[in-house]
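The residues making up each chain are set out below.
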Amino acid sequence: MKFAYRFSGLLGTVYRRGNLSFTRDGSALLSPVGNRISLFDLKNNKCETFPLATRLNIVCVGLSPDGNLAILIDEEGAALLVSLIGKCVIHHFYFHKPVHSVSFSPDGKKFVITKDNVALMYHAPGKKREFNAFVLDKTYYGPYDETTCIDWTDDSKCFAVGSKDMSTWVFGAERWANLIYYSLGGHKDIIVACFFEENSLDLYTISQDAALCVWQCDTELDGLKPMPPKDAAGEENAEKNDEEFLEEPKGEEIHGKANPNERETRNKVKYSRVAKYFFNKEGDFNNLTCAAYHKKTHLLVTGFASGIFHLHELPDFNLIHSLSISDQRIASISINCTGDWIAFGCSGLGQLLVWEWQSESYVLKQQGHFNSMVSLAYSPDGQYIVTGGEDGKVKVWNTSSSFCFVTFTEHSSGVTAVTFTSNGYVILSASLDGTVRAFDLHRYRNFRTFTSPRPSQFSCLAVDSSGEIVSAGSQDSFEIFIWSMQSGRLLDVLSGHEGPISSLAFNPMKCVLASASWDKTVKLWDMLDSWRTKETLILNSDVLVVAFRPDGKELAVAALNGQITFWDHENAVQTGSIEGRHDLQMGRKELDKITAKQAAKAKSFTTLCYSADGQSILAGGLSKFVCIYNVKEQILMKKFEISCNFSLDAMEEYLDRRKMTEFGSMALIDEGAGGEDGVAIPLPGVKRGDMSYRHFKPEIRVTCLRFSPTGRSWAATTTEGLLTYSLDSGLIFDPFELDVDITPSNIHKTLHQKEYTMAIIMALKLNEKKLIQEVIEAVPSNEVDVVCSSLPDLYVEKVLEFLASAFEISCHLEFYLIWAHKLLMLHGQKLKTRSVKLLPMIQFLQKSIQRHFEDVSKLCEWNIYNIKYALAISQQRGMKRLAEETSVDEDDLDSDSDYLMQEVHKDSLSS
């Protein structure tokens, strides 16, 4: 069992806070998700989360004009310089204060950040080799309050900065003789956005009270004059850097004045306000929260706190259309380079929308769970993941694209458990609303609803391997309910537990149900023997979760005392135990009165899952760690830290001394509370903090773990979202039975001599993926049968494993299908004897083939439809000719061209 699992994706969360940015070509969108960043490829319908993370939640993202670099800045002002090509961190920098916005100049030579009431201009990294990537060039003073937004002119000569003091400042990126700084007023609220007109110094400013000011400049960009040499400049002394005595070079400082005297404004650039417009004419008054402007098409998009957005054409302020896209405030807007697509982020609901305004349709519409996710399940082929959340929604995600493609909202309360049936087309979910619902993945509907005679809150769910029997455990009546999937009728109610049912699991191989309860017992019920208790396993503590090994011969049980015990359930004998409390490594919450070490004594694992081969077990709980144990040796193999986001609670083992005062922790001082007695300590047993607080910090936790049936990845539902970890075999040199003579040159020589079987065996021994691919693709298709029959058994499964991974990326579909077919036909019987061991690999192969089958079948259906359409048109055309017997008119020419177009389209699709 390999343990080289690496973070591969974040599903279930698409946007948290911060600004959205389109890439240079406008086909992909960068979205900050907590302390990570996701790239949504809108043309190929894929999502990718970069394998890097900041220490706290990201608040602003700056993208370089060439699209190669990005600057990510978190809540405390710590910045990462990231390469979008290599997806790695190049440089760390700390701005010491929270940063409000960051923007690169259009020529890519400078970038500006705003913090407090200053704007700092830095030399942009990446243009030349340097030791320090962030070199300060100029510091601009002027606004009295915090700065909020930045915009550059097209030629990078000037930039504008908006402020909370209701003023907008225009600064020169160089010291121009007729423009060093200029202050603009005219607003009665915070400036939300400011935008320059294309190739001009004319400016639009937008304030929070939904007012737009249009400013006209008396000078063009070409009219900016360079500053004369220093000794000739009169004003240089007034704005001279007065910190020369410091050893560290601080760069140039420019101090702006809101009311300069007449001598200072003589022969300088002047602005005049030519218009002022108001968005809230109909009295639907609410705050304007964000805006974006596309300079080429003069399109202004504004978002409001009520979830409405407006599209206006400037400078005439003509309304194109307005639409309500959410019931929460729109936090960020971005327009792509062509001006066709507009991206909206709503941080309250975690929504991400991309809207094509000309066709008035969604390009992308994704939303995570509003509250935390509670449970997940993989489909039998590993292609889909279903998640259930405390918001009562059941969502299904595609593992290859990372997108949610269907959401079921029938539950009226939190979902506690979800599972797939063995055929993979039915999803079952249990909820606290007293129902278990079955959803059909063909028609996307709720086709069965199972209920109990008396209303019960269901806490767990299990379905047997045939998919015919559904069971759910109640947390208030201590009973287990059994239903028939076919009829929807209640078959039986199992009583016997004296505490809430915490977990249920069906044996994959036999008709045996295991139920765990807080009464310190695990009961095994025999379905064939009219649901009698077959065995009762007694433990020392309340049982929280049970899990069967994939071959059904072992049962793992996690209890409240932090132990994982393993049982031979046939003979009711305990075969081993793991003391896992010390491996959890609890963090200390900000409001905790006791240390993390003391708190850990009461903590335990709340979720268990066997790996696909049954040799190891995954365990997680109220901690940032997920542990993998070897079952046979009963030792910890590896520990994964699922998050390094300190914006979440219980991340640190010790309280931060910087947050300590002589009166205790600063977290206990609720700044927003009015005349109340301060912060209330949460009650014992509260799972999540008090959401009524003005400042609510979610606590890090792992609620559910599941291994993929393919054995190549596992997923965890956490406070941050659904994290997936997979085997990254591309970077690992892992030879198999390597010999001195096995080198790439020898393999190529063998291949050249047409000894294909030998070449494949040598390539598999070296275990280099690209070399294996080269060798297998060099085998002529008519010789595949001979090569497959002469392959030794040991290498058959290696080739099948390679084929499964090759199907995901290769375009040689038929060629690889021939290989898979021949191998399974010739070696099927021998492989069947080792079916348990080979099952994950076979499921991985099935998943890959199934995905191609779905794609190709859609194309074929479309082609068949096109051919039928073309035939119908040709028949009609023939009938017309017979009837009219006239020369070909324009209509016939049109139908001819339609027919030809359909034929060409059909050929291209089929090829």
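Look above for the structure.
Below you will find a few notes about this structure. (Residues numbered from 1 in each chain as written. Predicted model: local features only at pLDDT ≥ 70, side-chain atom pairs only at ≥ 80, totals over all residues. Heavy atoms only, no water.)

## Considering helix H5 (residues 756-766)
Moving on, step 1. In terms of burial, H5 is largely enclosed, as 10 of its 11 residues are buried.
Moving on, step 2. Residues of H5 that are buried include every one of Tyr-756, Thr-757, Ala-759, Ile-760, Ile-761, Met-762, Ala-763, Leu-764, Lys-765 and Leu-766, and no others.
Moving on, step 3. Buried residues in H5 make contact with helix H4 (744-752), helix H6 (769-778), helix H7 (784-790), helix H8 (793-809) and helix H9 (813-833).
Moving on, step 4. Positive phi shows up at Asn-767, right after H5, with a value of about 60°. (Buried < 20%, exposed > 50% of the residue type's maximum accessible area, 1.4 Å probe, protein only. Helix = DSSP H or I, 4+ residues; strand = E, 2+ residues; numbered from the N terminus. Contact = heavy atoms within 4.5 Å.)

## Topic: the nonpolar core
Moving on, step 1. Judged by nonpolar contacts, the single largest core of 39 residues is most densely connected at Ile-760, Ile-776, Val-799, Leu-803, Trp-819 and Leu-823.
Moving on, step 2. Mapped onto this core, the elements with two or more residues apiece are H4, H5, H6, H7, H8, H9 and helix H10 (835-884).
Moving on, step 3. Residue contributions to this core peak at nine residues, all from H8.
Moving on, step 4. Discounting residues that sit within four places of it in the chain, Val-799 has contacts with Ile-760, Leu-764, Ile-776, Leu-791, Trp-819 and Leu-823.
Moving on, step 5. In terms of nonpolar packing, the next biggest core, distinct from the first, is built from 22 residues, Cys-609, Ile-628, Ile-700 and Tyr-725 among them. (Core = buried A, V, L, I, M, F, W, Y, C linked by side-chain atoms within 4.5 Å.)

## Some thoughts on the packing of H8 against H9
Moving on, step 1. Their axes nearest at 10 Å, the elements H8 and H9 cross at an angle of 145°. Crossing of H8 against H9: the hand is left-handed. The residues of H9 that touch H8, namely those facing Asp-793, Val-796, Val-799, Leu-800, Phe-802, Leu-803, Ala-806 and Phe-807, are Leu-813, Tyr-816, Leu-817, Trp-819, Ala-820, Leu-823, Leu-824, His-827, Lys-830 and Leu-831.
Moving on, step 2. Of the residues assigned to the contact of H8 with H9, the class counts are 15 nonpolar, one polar and two charged. (Axes fitted to C-alpha atoms, helices over the stretch in contact; angles between N-to-C directions. Left-handed = near helix turned anticlockwise from the far one by under 90°. Nonpolar A, V, L, I, M, F, W, Y, C, P; charged D, E, K, R; others polar.)

## Some details on unusual backbone geometry
Moving on, step 1. Look at the link from Leu-314 to Pro-315: it is a cis peptide, with omega at 5°.
Moving on, step 2. Along the polypeptide, Pro-315 turns up in the loop between strand S25 (308-313) and strand S26 (318-324).
Moving on, step 3. Of note in this structure, Lys-754 is not a glycine but carries a positive phi near 65°.
Moving on, step 4. Here Lys-754 is to be found in the loop between H4 and H5.
Moving on, step 5. On the basis of relative accessibility, which here comes to 59%, the residue Lys-754 falls in the exposed class.

## Regarding the packing of aromatic side chains
Moving on, step 1. What the rule picks out here adds up to 43 aromatic pairs.
Moving on, step 2. Ring geometry for Phe-481 versus Trp-483: centroids 6.1 Å apart, planes at 20°, classification stacked.
Moving on, step 3. Take Phe-481: its relative accessible area is 2%, and that puts it in the buried class.
Moving on, step 4. A residue is classified by how much of its surface remains accessible, and Trp-483, at 0% relative accessible area, is buried.
Moving on, step 5. Their ring planes at 65° and their centres at 5.1 Å tell us that Phe-640 and Trp-714 sit as a pair that is edge-to-face. Remark: Trp-714 occurs in strand S58 (residues 713-718) and Phe-640 occurs in strand S54 (residues 635-641); sequence separation between them is 74 residues.
Moving on, step 6. Accessibility expressed as a relative area gives 0% for Trp-714, which makes it buried.
Moving on, step 7. Linked through ring pairs, Phe-93, Phe-95, Phe-104, Phe-111, Tyr-122 and Phe-134 together constitute an aromatic cluster.
Moving on, step 8. Over the ring of Phe-646 we find Arg-55; its NZ or CZ atom is 4.4 Å from the centre of that ring.
Moving on, step 9. Across from the ring centre of Phe-625, 4.7 Å away, lies the NZ or CZ of Lys-639, which sits over that ring. (Phe/Tyr/Trp six-rings, centres within 6.5 Å; stacked < 30°, edge-to-face > 60°. Lys NZ or Arg CZ within 6 Å of the ring centre and 35° of its normal.)

## Side note on the sheet that holds strand S34 (residues 404-408)
Moving on, step 1. In spatial order, the strands read S31-S32-S33-S34; together these four strands make up an open sheet with antiparallel pairing. Lying at the two open borders of the sheet, with one neighbouring strand each, are strand S31 (373-378) and S34. The average undirected angle you get between the axes of adjacent strands in this sheet is 20°.
Moving on, step 2. Of the pairings in the sheet, the one linking strand S32 (residues 384-389) to strand S33 (residues 394-398) comprises five bridges and is antiparallel in character. Directly across from Thr-387, in S33, lies its bridge partner Lys-395. (Pairing = 2+ DSSP bridges.)

## What about the pattern of salt bridges?
If charged atoms from side chains of opposite charge come close, those side chains can pair.
Moving on, step 1. Scanning all chains against the criterion turns up 18 salt bridges.
Moving on, step 2. Close ionic contact of Asp-137 with Lys-138 constitutes a salt bridge, the shortest N to O distance being 3.5 Å. Comparing Asp-137 with Lys-138, the two get one shared label, buried.
Moving on, step 3. Salt bridges linked by common partners bring Lys-110, Asp-137, Lys-138 and Glu-174 together as one network. (Salt bridge = Lys/Arg side-chain N within 4 Å of Asp/Glu carboxyl O.)

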